[in-house]
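# Close look at the chain arrangement
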Amino acid sequence: MTLDTDTRAAAPSPPAPPRRFEFAPVAGVLAREWALYRRSWRPTTFAAVAEPVIMLLAFGVGLGSLIGAIGGYDYIEFLGTGIVATSVLFTSMFPGLIDTFVRRVFQHTYDGMLAAPVDVRELVTGEATWIACKAGVYGCAPLLVAIGFGLPASPAMLLVPLIAFVTGFGFALTGVWLSAVVPSIKTMDYIISGVITPLYLIAGTFFPIDSLPAWAQVVARINPLYHCVELVRATAFGIEPLRDLGHFAALLVFVAVMWLLAVVQMRRRLID
Amino acid sequence: MSQPGQHSSTSTARRPATHGPAPDPSAPPAIELRGVVKRFGSFTAVNGLDLRVPSGVVFGLLGPNGAGKSTTMRMLTAQCLATSGEISVLGHPVPRASKRARAAMGVVPQHDNLDEELTVQENLEVFTHLYRVPRAQRPEAVERALRLAHLADRRHDRTDKLSGGMRRRLLIARGLVHRPRLVLLDEPTVGLDPQVRQDLWGLITALRAEGVTVLMSTHYIEEAERLADVVALMAKGRVVAQGAPADLIARHAGDTVEEYLVPPADPGDGVESRLRAAGVAVRRTGPTLSVLRPGELPDPLRAELGTGLARAGNLEDVFVTLTGERVE
Ligand SMILES: Nc1ncnc2c1ncn2[C@@H]1O[C@H](COP(=O)(O)OP(=O)(O)O)[C@@H](O)[C@H]1O
Ligand SMILES: [Mg+2]
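- Per an unreviewed UniProt entry, chain A is named Transport permease protein, and its organism is Streptomonospora mangrovi.
- Entered under Sequence similarities (unreviewed entry) in the UniProt record, the comment concerning chain A runs "Belongs to the ABC-2 integral membrane protein family."

Next comes the structure, spelled out in structure tokens:
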């Protein structure tokens, strides 16, 4: 190995002193994800779009012909807005949970990154931001399909990417947190069946929560995905500012709590 | 690595401690540890470590597996937090201002953590971002690192396709992508074939010539003797001796050591026991008994030993003398 001594003379001046939270390391983490995505966008996009669309077609058309209307809407319209939320849940929680676990435990990717001027909170924020961006974009796919089936498009629907981003950010952080809680990759089955499944069913996605027993309605209101569903429906069927700001605030609280949990738990796992 | 012939070639190749740019003793140290303790539960991995790495030297941390070398390295990047004690790196208190130190520091970990999802070039590009190389300088930094690792023609291969030697070269080039002032190399040559190892030694010497401070851990005697201006011998989480290799050898082992073939089964009144009883420093390697400072050997014992093979003293002799343990 040889060094180019001639180019070394032009060494850059030292960077500005770091602060507690910086965006440069977050951008560094995003640069990594982007490098990866440039090569893997095809299967990622296929999975993220095909699954909700197939679900929408199967349930919307198949079940919709039996059910007709639900909560005052055509079933496919009700479902199309609901599936935006399940799509966001899946495209954020699974990568947050599984990719983060694999990178931390098997590939030691984060060990390499934390030796650079990157702290755990920036690493976690970067990973979750990337996942949230994907959720924001891919979450719109089922909505577009529902529009194709006759859901009237409205200008408020332009807020859906933002709603999907914030929800995706929260669930990505949830995944990151849980990836650092589970002792092994096998125990993830508990989370997938015990957490993710009820989350996406008890949220008003496939059926309205008023048809549930009272206790389940309470659970649904604690479920962040319910607030996402309600916001997406509001953009399609009419916004009520006070109610919907409440839903959005619930999502922000969810994000803040999950950010803290994810950062603390990941630090526990990554810093001896 | 314990053949006598190899030892003598090692000692002739040993670089005089005064060679190269003399480090300024009044300059602030690149690394300073004071009374550092690290416990994992009830187990003490680092046990009151004091270490001062002057700026601009190659500093060798020599010790057997489990001595606490990697734990010490990880404390310098705040990936491991000391239980007690004080650490400063490039003048920044660690862990409080560790990010400042990490920005000017390159790290080559003991265990490969290349990003296997990415190609060779992408690995380097990501680290130009993480190390905040200004945008305009990133392509040149990546090219330079590719040349450094001799991997320019493999740039588009995923890292899981590389051989062990190539991976190590990439890991090292990745840690140098931002031209750090301080480089931590944790057992950089373990498992490498001799050619790659020589190559790496050349690189370390080149870094030193540019004024970069290098902290290198190793359990290879030869590596420490050849490369390090200063070595700290580490055992059980402590530094047992520290200084220029030549000085340590002169002080603790003597310049010459004589090796004798003495069968290992020593019944208690054999020559080995009598040598020890006479206060002669000896150590055993298989069938070979090494006598340190053979000038002090009493004549009757010398006659009994027969003809020995003189070789230069080395750091292994120092280590065994001070700890009773072997390094490699
Ligand atoms: N995270 C950890 N938890 C528990 N014990 C550890 C941990 N890291 C290192 N150790 C122990 O600390 C001791 C020193 O380890 P290490 O610093 O890796 O030694 P070296 O690098 O000199 O071989 C070893 O006994 C090792 O098992
Ligand atoms: Mg080690």
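### Remarks on the overall build of chain A
- Each helix and strand in chain A was counted, giving eleven helices and two strands.
- Taking the principal axes of the C-alpha coordinates as reference, chain A spans close to 75 × 35 × 35 Å.
- Put simply, 80% of the contacts in chain A that link residues at least 6 apart link residues at least 24 apart.
- Split by element, the accessible area of chain A, about 11900 Å² in all, is 71% carbon and sulfur.
- Across chain A, 18 positive and 18 negative side-chain charges occur, with their mean positions spaced 5 Å apart.

### Side note on the site of ligand 1
- The full set of residues close to ligand 1 is Asp272 of chain A together with Phe40, Phe43, Ala45, Pro64, Asn65, Gly66, Ala67, Gly68, Lys69, Ser70 and Thr71 of chain B.
- Neighbouring residues of ligand 1 are distributed over chains A and B.
- In this structure, an oxygen atom belonging to ligand 1 sits 2.7 Å away from a main-chain N or O atom of glycine 66 of chain B.
- At 2.5 Å from an oxygen atom of ligand 1 is found a side-chain nitrogen or oxygen belonging to threonine 71 of chain B.
- Calculation on ligand 1 without its partners gives an accessible area of 560 Å², and the protein chains cover 63% of this total.

### A word on the interface of chain B and chain A
- Counting residues at the interface gives 49 residues for chain B and 42 residues for chain A.
- At the junction of chain B with chain A, the criterion picks out eleven salt bridges.
- Of the charged contacts in the structure, one is a salt bridge between arginine 132 of chain B and glutamate 22 of chain A, with a shortest N-O distance of 3.0 Å.
- At the junction of chain B and chain A, the tally comes to 18 residue pairs in polar contact (both at pLDDT 80 or more).
- Secondary structure elements with two or more residues in the side of chain B that touches chain A: β1 (31-40), α3 (98-103), α4 (120-130), α5 (138-148), α6 (164-175) and α7 (194-209) of chain B.
- Partitioning the side of chain B that touches chain A into residue classes produces 22 nonpolar, eight polar and 19 charged.

Basis of the calculations
Starting afresh in each chain, residues are numbered from 1 along the sequence in its written order. All chains are assigned letters beginning at A, and all ligands numbers beginning at 1, according to the order in which they are written. Given that this is a predicted model, residues contribute local features only at a pLDDT of at least 70 and side-chain atom pairs are listed and counted only at 80 or more, while totals for whole chains, interfaces and linings are drawn from all residues. By convention in this description, side-chain values take in all heavy atoms of the structure and omit both hydrogens and water. UniProt positions are given in the numbering used here, feature names are shortened, and annotations may be inferred rather than shown by experiment. Put simply, DSSP H or I for four residues or longer makes a helix, DSSP E for two residues or longer makes a strand, and each gets a number counted from the N terminus. Here, two residues are considered to be in contact whenever any of their heavy atoms come within 4.5 Å of each other. For every accessible area listed, the method is Shrake-Rupley and the probe measures 1.4 Å; residues are considered covered only by the protein chains on display. Residues counted as positive are Lys and Arg, residues counted as negative are Asp and Glu, and His and the chain ends are not counted. Think of each charge as sitting on NZ of Lys, CZ of Arg, CG of Asp or CD of Glu. Each residue is tested against the molecule or strand, and it is near if at least one of its non-hydrogen atoms lies within 4 Å. We call two N or O atoms a polar contact when they sit within 3.5 Å, provided that within protein one can donate a hydrogen and the other can accept it, with sequence-adjacent residues counted only if both atoms are side-chain atoms. The term salt bridge refers to a side-chain nitrogen of Lys or Arg lying within 4 Å of a carboxyl oxygen of Asp or Glu. In the scheme used here, Gly and all other residues not listed as nonpolar or charged are polar, with Ala, Val, Leu, Ile, Met, Phe, Trp, Tyr, Cys and Pro taken as nonpolar and Asp, Glu, Lys and Arg as charged.

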